[in-house]
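# Reading the structure
Here is what each chain is made of, one letter per residue.
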Amino acid sequence: FDDRESLTVAMQGVSGLFALTTPFEAGVDAEIRQGRAIVAAARQARVPHLVFSSVAGADQYTGVPHFDSKAVIESEIVTAGVPYTILGPTYFFDNALGGADRILAGVLELPLSSDRPLQQLARPDLGAFAAEVFAQPDRYLNKRIELASDAPTPLQMATALSGALGRPVRYEPVPLDAIGNPDMHAMWEFLNGPGYQVDITALHDAHPHLSWTSFADWAGHAFGAAS
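The notes below deal with the structure included here. (Residues numbered from 1 in each chain as written. Predicted model: local features only at pLDDT ≥ 70, side-chain atom pairs only at ≥ 80, totals over all residues. Heavy atoms only, no water.)

This part covers the packing of aromatic side chains. Overall, the coordinates contain ten aromatic pairs when judged by the stated rule. Through successive ring pairs, a cluster of aromatic residues spans Phe93, Phe215, Trp218 and Phe223. (Phe/Tyr/Trp six-rings, centres within 6.5 Å; stacked < 30°, edge-to-face > 60°.)

Time to look at the sheet that holds strand β2 (residues 50-53). Reading across from one edge, β1-β2-β3-β7 is the order of the four strands in this open sheet, with parallel pairing throughout. Edge strands, defined here as strands with exactly one partner in the open sheet, are β1 (17-20) and β7 (143-147). Put simply, the sheet's adjacent strands are angled 20° from each other on average, direction ignored. Pairing analysis gives five bridges linking strand β3 (residues 84-89) to β7, with the strands arranged parallel. Residue pairing across strands places glycine 88 opposite glutamate 146, the latter belonging to β7. Where helix α5 (residues 123-135) meets the sheet, it contacts β1, β2, β3 and β7, and its direction lies at approximately 165° from that of β3. (Pairing = 2+ DSSP bridges. Helix = DSSP H or I, 4+ residues; strand = E, 2+ residues; numbered from the N terminus. Axes fitted to C-alpha atoms, helices over the stretch in contact; angles between N-to-C directions. Contact = heavy atoms within 4.5 Å.)

So, about α5. Here α5 contains 13 residues, and its C-alpha end-to-end distance of 18 Å stays within 8% of the 18 Å for a straight helix at 1.5 Å per residue. Among the residues making up α5, those that are buried are Asp125, Leu126, Phe129, Ala130, Glu132 and Val133. Angular distribution of buried residues about the axis of α5 spans 155°; they occupy a single face of the element. Pointing more than 90 degrees away from the buried face of α5 are the exposed residues Arg123, Pro124 and Ala135. (Expected span 1.5 Å × (residues − 1). Buried < 20%, exposed > 50% of the residue type's maximum accessible area, 1.4 Å probe, protein only. Arc of directions from axis to C-beta.)

In this section: helix α10 (residues 215-223). Residues Phe215, Trp218, Ala219 and Phe223 constitute the buried set of α10. Taken around the axis of α10, the buried residues stretch over an arc of 100°, which confines them to a single face. Facing away from the buried side of α10 by more than 90 degrees, the exposed set consists of Asp217 and His221.

A full pass over the atoms with the stated rule returns nine salt bridges. Glutamate 31 is the partner of lysine 70 in a salt bridge, and the nearest nitrogen-oxygen pair spans 2.8 Å. Taken together, the residues lysine 70 in helix α3 (residues 65-80) and glutamate 31 in helix α2 (residues 28-44) connect sequence positions 39 residues apart. Assigned by exposure class, lysine 70 and glutamate 31 land together as buried. Of the charged contacts, one joins arginine 144 and glutamate 74 as a salt bridge, the two residues approaching to 2.8 Å between their closest N and O atoms. Here the residue arginine 144 occupies a position in strand β7, and glutamate 74 occupies one in helix α3, the gap between them amounting to 70 residues. Owing to a relative accessible area of 7%, glutamate 74 belongs among the buried residues under this scheme. If you follow the salt bridges from partner to partner, you end up with Asp59, Glu74, Arg144 and Glu146 in one network. (Salt bridge = Lys/Arg side-chain N within 4 Å of Asp/Glu carboxyl O.)

Here it is as structure tokens:
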């Protein structure tokens, strides 16, 4: 994604481009370089519609490194003159899979109060929404839209996981100070503070034809086979 020339070649003749950058391989500076190369290539190739997967809250200037890097890329997109739509996913359901061994052992752990809702998104819902954007580009042109499928509390997540596994899963909060990675610590500090601000009811009412996934349904699919 750092190679603007190869990106430009790849973008020739496309009707649309879906782009996702990542800081989790080489850091946030590398992610910004990726974004700038993608935007420059899209402009040079005259891509008719760039759909960028950012993150919900990036426009809040949260101080979370991997949010702020995407905010820089969003700004580059807006000023580049390329027709765009920015999608802002919230926390992904699939992040729970990072603690799958503990969940299978009967414990869900998060650095979050047990009764605090956490707005989350199913990856297929992101895909379905992006497909709709490409199918109706004029409706979404030059807009920024944040996405969430559900907002369960950790206790509700544990209950759903218990149902999926057919055996109890209890919730154990992790102290925020135990999160040693500075980026992840900042993210959980944000999620314990202002958090995501998606109006889920309005979003789903505006797009009732999309099959918004509940956390319980996701858990049944992800962990049901392990019960």
